[in-house]
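Residues per chain are reported as follows:
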Amino acid sequence: MLNTAFGNRIAVIDRAQDWKDAIRLSVEPLIADGLAESRYLDGIYNNLAQNGDYIIIAPGVAIPHARPENGARGTGFSMIKLNKAVTFSEGEDVELLVALVASGSDEHVDLLTELSELFLDDDLMERIKNAKTTQALKEILK
């Protein structure tokens, strides 16, 4: 299923220091794979500073992203699931972060369309949120 889209960019992490660290952890695999420049992370932080926690799209779920001109070099996404949720600046707890990077607006829409099947499947989302290890998460996303 989506496992191939995420590639090796799936991880369960026990805890992040705070919401900024959680975002960093979710974006690092995209940078490591050459899909984003390191400044892409700053673009996400700047967007949040200007627009608030708009990346939280459902209870416990955030989609960190920035505009292509903030350092996008390709298109893809990564997922981290935190065993201990982090609280964002507006008081919402997040345990699942799906970072995305898109080299253009068409690609951005395509990624969100792909992810919608994941987010609309309540059973699948429950299983993802209950995954305690990276291997378990990868098995769920097969």
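Placed above this text is the structure.
Quick summary incoming for the structure in this document. (Residues numbered from 1 in each chain as written. Predicted model: local features only at pLDDT ≥ 70, side-chain atom pairs only at ≥ 80, totals over all residues. Heavy atoms only, no water.)

1. Regarding the side chain of S78
So, step 1. Assignment of secondary structure puts S78 in strand 4 (residues 76-87).
So, step 2. Engagement of the side chain of S78 in a polar contact is seen with the backbone oxygen of S26, the distance being 2.3 Å.
So, step 3. With residues up to four places along the chain from it excluded, the contact list for S78 reads F6, R9, S26, P29, L30, L97, V98 and A99. (Helix = DSSP H or I, 4+ residues; strand = E, 2+ residues; numbered from the N terminus. Polar contact = N/O pair within 3.5 Å; in protein donor to acceptor, adjacent residues only side chain to side chain. Contact = heavy atoms within 4.5 Å.)

2. Focus on the environment of R73
So, step 1. By the element assignment, R73 lies in the loop between strand 3 (60-62) and strand 4.
So, step 2. Sequence separation between R73 and G104 is 31 residues; the distance between their C-alpha atoms is 9.6 Å.
So, step 3. Not counting the four nearest positions on each side in its chain, R73 is found in contact with G34, L35, A36 and E37.

3. Considerations on the nonpolar core
So, step 1. I23, Y40, F88 and L97 are the most contacted members of the largest nonpolar core, which totals 27 residues.
So, step 2. Counting residues per element, the ones that place at least two in this core are helix 2 (19-32), helix 3 (39-51), strand 4 and strand 5 (93-101).
So, step 3. In contact with L97, other than residues within four places in its own chain, are A22, I23, S26, A62, P64, S78, M79, I80, L82 and F88.
So, step 4. If you look at the next biggest cluster of nonpolar residues, it comprises 22 residues, including I63, A102, L111 and L118. (Core = buried A, V, L, I, M, F, W, Y, C linked by side-chain atoms within 4.5 Å. Buried < 20%, exposed > 50% of the residue type's maximum accessible area, 1.4 Å probe, protein only.)

4. Some details on the packing of helix 2 against helix 3
Relative orientation and spacing of two packed helices are given, respectively, by the angle between their axes and the distance between those axes.
So, step 1. Direction vectors running N to C along helix 2 and helix 3 enclose 145°, while the axes themselves pass 10 Å from each other. Considering the relative orientation of helix 2 and helix 3, their crossing is right-handed. Across the interface between the two elements, W19, K20, I23, R24 and V27 of helix 2 pack against Y40, L41, I44, Y45 and L48 of helix 3.
So, step 2. When its residues are assigned to classes, the contact of helix 2 with helix 3 shows 8 nonpolar, no polar and 2 charged. (Axes fitted to C-alpha atoms, helices over the stretch in contact; angles between N-to-C directions. Left-handed = near helix turned anticlockwise from the far one by under 90°. Nonpolar A, V, L, I, M, F, W, Y, C, P; charged D, E, K, R; others polar.)

5. Quick notes on the sheet that holds strand 3
So, step 1. Taken together, 5 strands build an open sheet; the order of strands is 1-4-5-3-2 and the sheet is mixed. Only two strands of the sheet have a single partner each, and these edge strands are strand 1 (10-13) and strand 2 (56-58). Taking the axes of each pair of neighbouring strands and ignoring which way they run, one obtains an average angle of 25° across the sheet.
So, step 2. Relative to strand 4, strand 1 runs parallel, the two sharing 4 bridges. Residue pairing across strands places V12 opposite K81, the latter belonging to strand 4.
So, step 3. Sheet strands in contact with helix 2 are strand 1, strand 4 and strand 5, and its direction is about 155° off that of strand 4. (Pairing = 2+ DSSP bridges.)

6. Comments concerning helix 3
So, step 1. Here helix 3 spans 18 Å end to end across 13 residues, near enough to the 18 Å set by a 1.5 Å rise per residue.
So, step 2. Buried residues of helix 3: Y40, L41, G43, I44, Y45, N47 and L48, and no others.
So, step 3. Close packing links the buried residues of helix 3 with helix 2 and strand 5.
So, step 4. Following helix 3 by one or two positions, G52 has its phi on the positive side, about 80°. (Expected span 1.5 Å × (residues − 1).)

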